[in-house]
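Below are the chains, spelled out letter by letter.
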Amino acid sequence: EDRYVVRGSLGGGFEIPATLQDSLMSRLDRVPKLRELAQIGAVLGREFAYEMLSTLAGLEDSILRDGLGQLVSAELLYQRGRPPRSKYIFKHALIQEAAYQSLLKRSRQRFHRLAAELLEARFPELVAAQPELLAHHFTEAGLTAQAIEYWFKAGQLLHDQGWVSMSMNAYRSALAIAKGDAERCRALIGLAGGMRIVDAFDDALAALVEAQALATG
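Below, the structure is looked at part by part. (Residues numbered from 1 in each chain as written. Predicted model: local features only at pLDDT ≥ 70, side-chain atom pairs only at ≥ 80, totals over all residues. Heavy atoms only, no water.)

Here we come to the sheet that holds strand E2 (residues 77–80). If you walk across this open sheet you meet the three strands as E1-E3-E2, and the pairing is antiparallel. Looking at strand neighbours, the two that pair on one side only are strand E1 (47–49) and E2, the edges of this open sheet. Going from strand to strand, the sheet's axes swing by 25 degrees on average, the running direction of each strand aside. Where E2 meets strand E3 (residues 87–90), four bridges bridge the pair, whose relative direction is antiparallel. For Tyr-78, the partnering residue across the bridge sits in E3 and is Ile-89. (Pairing = 2+ DSSP bridges. Helix = DSSP H or I, 4+ residues; strand = E, 2+ residues; numbered from the N terminus. Axes fitted to C-alpha atoms, helices over the stretch in contact; angles between N-to-C directions.)

Right, here's the structure in full:
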């Protein structure tokens, strides 16, 4: 089963060296007026769909197609398929990282919020299949109340599908933004379920003990 991959490093304190970032951004700057396209694409992920970028960028179709074509010609992106059903992949993860980090925090949060709202409104089937995408965008937008519910949905769905490691990561993400004992308890119980499957019994027991303390405290 194909899945869009949620970046783990972006927004999590990872920074590439300034000299390397400058070098990578200079490649983007050689392509006139296309930095923002690359930046919005970077918010969407290492791989992103034309339809998503089109809605967020708000450009005329001909201008968008030409801009993406230039990014492909500059060997910054790979292209699969033809617009409007095409998908694009950053040729190197560091190009995506550099484009993402060049955005101001306020702009990153705005694009993440818009991406989340777009997914909810226009791509319900994708959200149902991969709630971790929406969880990620809401988290990076700073909307933790919406984010945590989607992390819980992702944790349960991934667990049921046998993606135990990814399920545990979803519950860890929920735990990281949990604001109350009830949310922390729910995340710990979900995390413990995955730990039992991977034979991390001591860790599972510790998580359950902590959850019980939260529930009874």
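What follows picks up the thread again.
The N-to-C vectors of helix H2 (residues 35–44) and helix H3 (residues 50–57) enclose an angle of 125 degrees; their axes lie 10 Å apart at closest approach. Taken as axis vectors, H2 and H3 run oblique relative to one another. Two packed elements cross with a definite hand, and for H2 against H3 that hand is right-handed. Across the interface between the two elements, Leu-37, Ile-40, Gly-41 and Leu-44 of H2 pack against Met-52, Leu-53, Leu-56 and Ala-57 of H3. Class assignment for the residues of the contact of H2 with H3 results in seven nonpolar, one polar and no charged. (Parallel < 35°, antiparallel > 145°, perpendicular 65-115°, else oblique. Left-handed = near helix turned anticlockwise from the far one by under 90°. Contact = heavy atoms within 4.5 Å. Nonpolar A, V, L, I, M, F, W, Y, C, P; charged D, E, K, R; others polar.)

Helix H8 (residues 131–140) packs onto helix H6 (residues 105–122) with a crossing angle of 150 degrees between their chain directions and a minimal axis gap of 7 Å. Judged by the angle between their axes, H6 and H8 are roughly antiparallel. Our pair here, H6 against H8, has a crossing hand that is left-handed. Contact residues: H6 offers Gln-109, His-112, Ala-115, Ala-116, Leu-119 and Glu-120, while H8 offers Leu-133, Leu-134, His-136, His-137, Phe-138 and Glu-140. The residue inventory of the contact of H6 with H8, partitioned by class, reads six nonpolar, four polar and two charged.

All right, on to the packing of aromatic side chains then. This model, assessed by the stated rule, comprises three aromatic pairs. Relative to Tyr-88, the ring of Phe-48 has its centre 5.8 Å away and its plane inclined at 25 degrees; by these criteria the two rings are stacked. Here Tyr-88 lies in strand E3 and Phe-48 lies in strand E1, a separation of 40 residues in the sequence. For the pair shown, Phe-48 and Tyr-88 are each scored as buried. An angle of 55 degrees between the planes, with centres 5.8 Å apart, marks the rings of Phe-48 and Phe-90 as tilted. Placement of Phe-48 in strand E1 and of Phe-90 in strand E3 is noted, with a sequence separation of 42 residues between them. The class of Phe-48 is buried, set by a relative accessible area of 2%. Phe-90 gets classed as buried once you look at its relative accessible area, which sits at 2%. Here the aromatic residues Phe-48, Tyr-88 and Phe-90 are joined through ring pairs into a cluster of three or more. Above the face of the Phe-111 ring, Arg-110 is positioned so that its terminal group lies 4.5 Å from the ring centre. (Phe/Tyr/Trp six-rings, centres within 6.5 Å; stacked < 30°, edge-to-face > 60°. Buried < 20%, exposed > 50% of the residue type's maximum accessible area, 1.4 Å probe, protein only. Lys NZ or Arg CZ within 6 Å of the ring centre and 35° of its normal.)

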